[in-house]
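These are the residues of each chain, in order.
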Amino acid sequence: MSKDANSVVVVGGGVVGLASAYYLAKAGRQVTVVERDSTLLSGCSEGNAGMIVPSHFIPLAAPGVISQGMKWMLDPKSPFFLRPRLDFDLARWVWLFFRHANAGHVQRSEHLLRDIGLESRRLHVELAKERGFHLEERGLLMLCQSEKGLDEEAEVAKDAIRLGLDVEIFGKDRLKDFEPGASVEALGGVWFKQDCHLSPLDFVEALRKAIVENGGAFLEEEVVGFAYEGEQVIGVKTATGTLVEGGKVVLAGGMASLELARKLGLKIPMQGGKGYSLTLKEPKKALQLCSLLKEGRVAVTPMGKTLRVAGTMEICGSDTSLSPARLQGIIESFCRFYPDFSPADFEGIEPWVGLRPCSPDGLPYLGGLPNQERVIVATGHSMMGLSLAPVTGWLVEKLVSGEASPIDLTALDPTRFG
């Protein structure tokens, strides 16, 4: 395939790769998406909670996360677990995470995360109208069952208001206004009015269709390396020996990007953050808004007639094994907040498992490489891959075209950790 300046190879067919391919194809680029698993069952793109969250302006590395995480490590049903192992990459990641879990890092990151979150929301709305998939623009509820949790989220809400977000702190009396058809056991919480939700499957299918309509192509193979002309990358090589050439290569393969980056001499610290989800096909009660359950760290999202319940963050490298105890913890937390449901409702449901690509500072990797002028990295979005996919793809197109980015991407530099 051609390596002329107008051709682009996108490695990875998850939400970030697809959004990048969409904006590139829409701009008239000759795009080829190379994805080893067209079902995306091994990734995070179709089994996630489907939330678009400008409310998430606090990075994963934040004050209090470490102390809370240490307590959770002792509970087999807790929403967080770091699998101990003798591994230099894990040790480096943990050390960098410790260095960034402070108030200064949050303050330096909040405006950037707010800006890319709001811009991505705008693009989600635009995409939904153009491509005809449903986007629910009713906000997100952060529900709290303890006074401590409510106090903590009230402080987050104050920061959100300071940053210009549309937020309401509410008490128990408002719960029926939000969910008139179901019982909710909570003291109150925060309503982040600009958040949205959608079906991830509808989203990725709309992007795939749009890419093809704009002349893009898909190749279902695993990328194992790069092709070079001199010292410069001119394309990728697949496991079957196929060479796919391009004027630019976008590395957007989630956790698979880690090993490929190493082949380019880039050691980006990244760990898989394992998450689970279960989808009730015929929930006994219909919920209206997506919600995050503070004490259980569980995400709940209505998707059409179905209901998705998701959670856990297991820092586990590339391990995709399932923990029955943590899965049970998700179910029990959900049922505590929504007493109309019981654990029996989840019997026989096949759980989904996926790995979120997590950077140690909680910020994505987005930008070019100084030693490889044709390569752009777009990965490390942690729990916000779907939320930030459109803005990432939009910015990737700017980087490919050589345009100045309308958003300062310095903090997202893929080489920021050396």
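Residues numbered from 1 in each chain as written. Predicted model: local features only at pLDDT ≥ 70, side-chain atom pairs only at ≥ 80, totals over all residues. Heavy atoms only, no water.

### Some thoughts on the state of the cysteines
A covalent bond between the sulfur atoms of two cysteines is what we call a disulfide.
And then number 1: All told, the structure shown has zero disulfides when counted by the stated rule.
And then number 2: Take Cys-144: it sits in no disulfide, and the sulfur closest to it among the cysteines is that of Cys-290, at 15 Å.
And then number 3: Lacking any disulfide linkage, Cys-290 is separated from the closest cysteine sulfur, that of Cys-196, by 8.2 Å. (Disulfide = S-S within 2.5 Å.)

### Describing the pairing of strand S18 (residues 306–315)
And then number 1: When you tally the buried positions in S18, you get nine out of 10 residues, the bulk of the element.
And then number 2: Bridge count between strand S4 (residues 80–82) and S18: three bridges; the pairing is parallel. Within S18, the residue paired with Phe-80 across the bridge is Met-313.
And then number 3: Sheet topology note: the strand S17 (residues 298–303)/S18 ladder contains six bridges and is antiparallel. In the sheet register, Pro-302 faces S18, and the bridge partner there is Leu-307.
And then number 4: In sequence, S17 turns back onto S18 through a hairpin of two residues, with Gly-304 there showing a positive phi of about 65°. (Buried < 20%, exposed > 50% of the residue type's maximum accessible area, 1.4 Å probe, protein only. Helix = DSSP H or I, 4+ residues; strand = E, 2+ residues; numbered from the N terminus. Pairing = 2+ DSSP bridges.)

### Remarks on the side chain of Glu-110
And then number 1: Considering the arrangement of structural elements, one finds Glu-110 in helix H4 (residues 103–131).
And then number 2: Once you skip the residues sitting within four places of it in the chain, Glu-110 turns out to touch Phe-57, Arg-162 and Leu-163. (Contact = heavy atoms within 4.5 Å.)

### Section: the sheet that holds strand S14 (residues 248–251)
In a beta sheet, neighbouring strands pair by backbone hydrogen bonds and run either parallel or antiparallel.
And then number 1: With respect to topology, six strands assemble into an open sheet ordered S10-S2-S1-S14-S21-S20, the strand pairing being mixed. Across the chains shown, the open sheet's two edge strands, defined by having one partner strand only, are strand S10 (217–219) and strand S20 (365–369). Across the sheet, the mean angle from the axis of one strand to that of its neighbour is 20°, orientation sign disregarded. (Axes fitted to C-alpha atoms, helices over the stretch in contact; angles between N-to-C directions.)

### Observations concerning the nonpolar core
And then number 1: Counting residues in each nonpolar core, the largest one holds 69 residues, and the members touching the most others are Val-10, Leu-24, Met-51, Phe-192, Phe-203, Val-250 and Val-391.
And then number 2: Among the elements that make up this core, the one with the highest residue count is helix H1 (residues 15–26) (nine residues).
And then number 3: Once residues lying within four places of it in the same chain are set aside, the contact partners of Phe-203 are Val-15, His-124, Leu-127, Phe-133, Leu-198, Leu-386, Ala-389 and Pro-390. (Core = buried A, V, L, I, M, F, W, Y, C linked by side-chain atoms within 4.5 Å.)

### Quick look at the sheet that holds strand S12 (residues 232–238)
And then number 1: In spatial order, the strands read S11-S12-S13; together these three strands make up an open sheet with antiparallel pairing. One side of each edge strand has no neighbouring strand; the edge strands of this open sheet are strand S11 (223–229) and strand S13 (243–245). Taking each pair of neighbouring strands and ignoring which way they run, the sheet shows an average axis angle of 35°.
And then number 2: Bridging between S11 and S12 involves six bridges; their strand directions are antiparallel. Within the sheet, the bridge partner assigned to Ala-227 lies in S12 and is Gly-235.

### Remarks on the packing of H4 against helix H7 (residues 200–213)
And then number 1: H7 packs onto H4 with a crossing angle of 65° between their chain directions and a minimal axis gap of 11 Å. Taken together, H4 and H7 sit at an angle that is classed as roughly perpendicular. For the pair H4 and H7, the sense of crossing is left-handed. Counting all contacts with H4, which are made through His-124, Leu-127 and Arg-131, the residues of H7 involved are Phe-203, Ala-206, Leu-207, Lys-209, Ala-210 and Glu-213.
And then number 2: Grouping the amino acids of the contact of H4 with H7 by side-chain chemistry returns five nonpolar, one polar and three charged. (Parallel < 35°, antiparallel > 145°, perpendicular 65-115°, else oblique. Left-handed = near helix turned anticlockwise from the far one by under 90°. Nonpolar A, V, L, I, M, F, W, Y, C, P; charged D, E, K, R; others polar.)

### Focus on the pattern of salt bridges
And then number 1: As enumerated under the stated definition, the model contains 26 salt bridges in all.
And then number 2: Here Lys-172 ties to Glu-185 by a salt bridge, and the two come within 3.8 Å at their closest N and O atoms. With a gap of 13 residues between them, Lys-172 in the loop between strand S7 (167–171) and helix H6 (175–178) and Glu-185 in the loop between H6 and strand S8 (188–192) connect regions that are remote in the sequence.
And then number 3: The exposure class assigned to Lys-172 is partly exposed, which follows from its relative accessible area of 46%.
And then number 4: You can call Glu-185 partly exposed: its relative accessible area is 42%.
And then number 5: A single network of salt bridges, built from pairs that share partners, joins Asp-166, Glu-168, Arg-174, Asp-177 and Lys-193. (Salt bridge = Lys/Arg side-chain N within 4 Å of Asp/Glu carboxyl O.)

### Brief notes about the packing of aromatic side chains
And then number 1: Per the stated rule, a full pass over the model turns up nine aromatic pairs.
And then number 2: Ring pairing ties together the aromatic residues Phe-334, Tyr-338, Phe-341 and Phe-346, which thus form one cluster. (Phe/Tyr/Trp six-rings, centres within 6.5 Å; stacked < 30°, edge-to-face > 60°.)

### A closer look at the packing of H1 against H4
And then number 1: Running from amino to carboxyl end, H1 crosses H4 at an angle of 65°, the nearest separation of the two axes being 14 Å. Taken together, the axis directions place H1 and H4 in an arrangement best described as roughly perpendicular. Seen along the crossing, H1 lies across H4 with a hand that is left-handed. Residues Tyr-22, Tyr-23 and Lys-26 of H1 form the contact with H4, whose participating residues are Leu-123, Leu-127 and Glu-130.
And then number 2: A per-class count over the contact of H1 with H4 returns four nonpolar, no polar and two charged.

### Describing empty space enclosed by the protein
Gaps left between atoms show up when a probe the size of a water molecule is rolled over them.
And then number 1: One pass over the full model with this rule turns up three cavities of 30 Å³ or more.
And then number 2: Reported here for the largest cavity is a volume of approximately 50 Å³.
And then number 3: Along the walls of the largest cavity sit Ile-116, Pro-364, Leu-366, His-381, Leu-388, Val-391, Thr-392, Leu-395 and Leu-412, which together make up its complete lining.
And then number 4: The element best represented in the lining of the largest cavity is helix H10 (residues 385–401), accounting for four residues. (1 Å grid on protein atoms, 1.4 Å probe; cavity = no way out; pocket = protein on both sides within 12 Å on 5 of 7 lines; lining within 4 Å. Points joined across faces, edges and corners; volume = space filled by probe spheres on them.)

### Things to note about the pairing of S17
And then number 1: Extensive coverage of S17 is indicated by the burial of six of its six residues.
And then number 2: What you see with S17 is no split at all: Val-298, Val-300 and Pro-302 on one side and Ala-299, Thr-301 and Met-303 on the other are buried throughout.
And then number 3: Alignment of strand S16 (residues 290–293) against S17, held across three bridges, turns out to be antiparallel. The partner of Leu-293 across the bridge, within S17, is Val-298.
And then number 4: Linking S16 back to S17 in an antiparallel pair, the connection comprises four residues, with Arg-297 at a positive phi of about 50°.

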